[in-house]
Amino acid sequence: MSEVIVVGGGAAGMMAAYAAARKGHQVTLLEKNEKLGKKLYITGKGRCNITNAADLEAIMAHIVSNPRFLYSSLYGFTNQDMVELLNREGLETKVERGMRVFPVSDKSSDVIRTLSDMLHKSGVRIYLNKKVTSLILEETGEKAESVTGRNGDGKNGGAGKNSGAGKNDGKKVCTGVVTEDGRRRKADVVIVTTGGISYPSTGSTGDGYRFAEEAGHQITALSPALVPFTAEEEWVKELQGLSLRNVNVTITSGKKKLYTEFGEMLFTHFGVSGPAVLSGSSVCAKHLKKGKLTLHIDLKPALDREQLDARFLREFKEAKNKQISNVLGAVYPSSLVPVILKISGIAPDKVIHDVTREDRNRLIQHTKDFCMTLNGLRGYGEAIITQGGIRVKEINPATMESKLVQGLRFAGEVLDVDAFTGGYNLQIAWSTGWAAGSTIE
């Protein structure tokens, strides 16, 4: 039986603590906030998008950074495992559009309460308002075996037998943590699950990156992800609050297509947001650092150009003496009409019987390819997750053990792993947390 300390009471931390306690270990969970799951509470707009019910191959396809690293953990504790676990604990779930899984109650607080109850029943000692300031790292002159003594390469979902990996160079061992009150808490295993730096108001202030660096780990370049884009065009402000459903969005860099998605998006006073756009930020963040990108929106993806022209002609036929600005409301949301006319170069007071074929062609062009210039991303305060983190080559993918420091593990967002919106990032947290806690011998 090992003494285990988990630093951070978010999704990955709660799961790691539960998994370790199930194995019979003595587990202490230290959370610097006044309650567990503070960031989890606001996920899914307060409803908690627990996971995604798609098959695991589809989930892997929605992971942006280092999907291969996550193979072992995702197959070791699947989305189905997570749903079944919560169901057994009395939390009913449902599947909605896009295979997103939510609690039937639509309350993230019910998910947190269920997880909290699981921890208490498993005997986990929980300390709130308990900030960890540093790890206790000790030098050792001998090569140190990892706690599990095994390692995985991320392939075939398993750990390699007798691979010899899981050993480090014998220079460092993590033997506990120091809390803000100066107390040194000893442990055989420390699991760091402190999250990234997105939504810092929830306590995600990058502590884990500092701990990792002090232990000798490399941190890859950090960037806000699943975050709204800023746009260059002034007319974007006129569309603030407009939500579009069932549109197709594509982001390009010159002629190179970077990202495409079908779904819902939202215009803001600074640019664009919404599910179909947010995932694009994870793909495009690195490209934006090199220059501006172009967002293309197909406002009517169900209609080809001929069908769209026929639609215009039907609307125009019944309103030959009306101004075009008063007719296009049948085709577009009202707030979009003046903008479409502006970028199409058509006067809003132009009478329908004076509208030319060339006018219609311009309307068709800007309907099928409504463009704007993306010039940046909003900050970490609005980012759902942080892209980048602890370099995964330094972590055992089957156990989340550090390859550099014996007795030290990491899980969740603190690692250089991230995915699109839709429950995938929480599944990464559950799976890596489970791997970190359940493989302690």
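Residues numbered from 1 in each chain as written. Predicted model: local features only at pLDDT ≥ 70, side-chain atom pairs only at ≥ 80, totals over all residues. Heavy atoms only, no water.

1. Remarks on the side chain of Asp416
Along the chain, Asp416 falls in the loop between strand E20 (408–410) and strand E21 (418–419). Buried within the structure, Asp416 lacks any salt-bridge partner; its nearest side chain of opposite charge belongs to Lys286, at an N-O separation of 6.6 Å. In contact with Asp416, other than residues within four places in its own chain, are Ser65, Asn66, Thr220, Gly388, Gly389, Ile390 and Val392. (Helix = DSSP H or I, 4+ residues; strand = E, 2+ residues; numbered from the N terminus. Buried < 20%, exposed > 50% of the residue type's maximum accessible area, 1.4 Å probe, protein only. Lys, Arg positive; Asp, Glu negative; His and termini not counted. Salt bridge = Lys/Arg side-chain N within 4 Å of Asp/Glu carboxyl O. Contact = heavy atoms within 4.5 Å.)

2. Topic: the sheet that holds strand E5 (residues 93–96)
Read from one edge to the other, the open sheet built from three strands follows the order E3-E6-E5, with strand pairing classed as antiparallel. With one partner strand each, in any of the chains shown, strand E3 (51–52) and E5 form the two edges of the open sheet. By the bridge criterion, two bridges tie E3 to strand E6 (residues 100–103) in an arrangement that is antiparallel. Along E6, the bridge assignment pairs Asn52 with Arg100. (Pairing = 2+ DSSP bridges.)

3. What to know about the sheet that holds strand E8 (residues 132–138)
An order of E8-E9-E10 is seen for the three strands of this open sheet, with the pairing classed as antiparallel. With partners counted over all chains shown, the strands left at the sheet margins are E8 and strand E10 (184–186), one partner each. The sheet shows a mean angle of 30° between the axes of neighbouring strands, taken without regard to direction. Where E8 lies against strand E9 (residues 173–179), six bridges are found, and the strand directions are antiparallel. (Axes fitted to C-alpha atoms, helices over the stretch in contact; angles between N-to-C directions.)

4. A short note on the nonpolar core
With 121 residues, the main nonpolar core has Phe370 and Met372 as its most contacted residues. Broken down by element, the residue count for this core peaks at 10 residues, all from helix H1 (residues 11–22). If we skip the residues at most four places from it in the chain, Phe370 touches Trp235, Leu239, Phe267, Leu295, His296, Ile297, Leu299, Leu336, Val339, Ile340 and Ile343. (Core = buried A, V, L, I, M, F, W, Y, C linked by side-chain atoms within 4.5 Å.)

5. Let's talk about helix H7 (residues 275–288)
Between its terminal C-alpha atoms H7 stretches 19 Å, which fits the 20 Å expected from 14 residues at 1.5 Å a residue. For H7, the principal kink sits at Ser282 and spans about 50°. The element H7 is largely enclosed, with a buried count of 10 among its 14 residues. (Expected span 1.5 Å × (residues − 1). Bend = angle between axes of the 7 residues up to and from the residue.)

6. Section: the environment of Gln323
One can find Gln323 in the loop between helix H8 (305–317) and helix H9 (337–344). When its relative accessible area of 34% is taken as the criterion, Gln323 is described as partly exposed. Here the alpha-carbon distance between Gln323 and Asp349, two residues 26 residues apart in the chain, equals 5.0 Å. With residues near it in sequence (within four places) discarded, Gln323 still touches Pro348, Asp349, Lys350 and Val351.

7. Here's the deal with the packing of H8 against helix H10 (residues 357–368)
Relative placement of two packed helices is described by the angle separating their axes and the distance separating the axes. Viewed as axis vectors pointing N to C, H8 and H10 meet at an angle of 125°, and their least axial separation amounts to 10 Å. Looking at the two axes, H8 sits oblique to H10. At the point where H8 passes H10, the crossing takes the right-handed sense. Across the interface between the two elements, Arg305, Leu308, Asp309, Phe312, Leu313 and Phe316 from H8 touch Arg357, Arg360, Leu363, Ile364, Gln365, Thr367 and Lys368 from H10. (Parallel < 35°, antiparallel > 145°, perpendicular 65-115°, else oblique. Left-handed = near helix turned anticlockwise from the far one by under 90°.)

8. Some words on the pattern of salt bridges
Counting across every chain of the model gives 27 salt bridges. A salt bridge links Lys186 to Glu138; the nearest nitrogen and oxygen atoms lie 3.1 Å apart. Of the two residues, Lys186 is situated in strand E10 and Glu138 in strand E8; the sequence distance between them amounts to 48 residues. Put simply, Arg210 and Glu214 hold a salt bridge, and the shortest N to O gap is 3.6 Å. Here Glu214 and Arg210 lie together in helix H6 (residues 207–214), a separation of four residues that amounts to about one turn. Judged by relative accessible area, Arg210 falls into the partly exposed class, the value being 32%.

9. Here we look at the pairing of strand E18 (residues 370–377)
As judged from the three bridges shared by strand E13 (residues 229–231) and E18, these two strands associate in the antiparallel manner. Directly across from Ala231, in E18, lies its bridge partner Leu374. As paired elements, strand E17 (residues 293–298) and E18 share five bridges and run antiparallel to each other. Looking across to E18, one finds that Ile297 is bridged to Phe370.

10. Some points on the environment of Val283
Note that Val283 resides in helix H7. The spatial distance from the C-alpha of Val283 to the C-alpha of Ser204 is 22 Å, given a sequence separation of 79 residues. Apart from residues no more than four positions distant in its own chain, Val283 is found in contact with Leu258, Tyr259 and Phe420.

11. As for the packing of aromatic side chains
The full count for this structure, using the stated rule, is eight aromatic pairs. With a centroid separation of 6.0 Å and 80° between ring planes, the pair formed by Tyr259 and Phe420 is classed as edge-to-face. With a gap of 161 residues between them, Tyr259 in strand E15 (residues 256–267) and Phe420 in the loop between E21 and helix H11 (424–438) connect regions that are remote in the sequence. Take Tyr259: its relative accessible area is 5%, and that puts it in the buried class. Chaining the aromatic ring pairs together yields one cluster made of Tyr18, Phe77 and Trp434. One cation-aromatic arrangement involves Lys35 over Tyr41; the distance from NZ or CZ to the ring centre is 4.9 Å. Sitting above the plane of the Phe270 ring, Arg378 keeps its charged end 3.8 Å from the centroid. (Phe/Tyr/Trp six-rings, centres within 6.5 Å; stacked < 30°, edge-to-face > 60°. Lys NZ or Arg CZ within 6 Å of the ring centre and 35° of its normal.)

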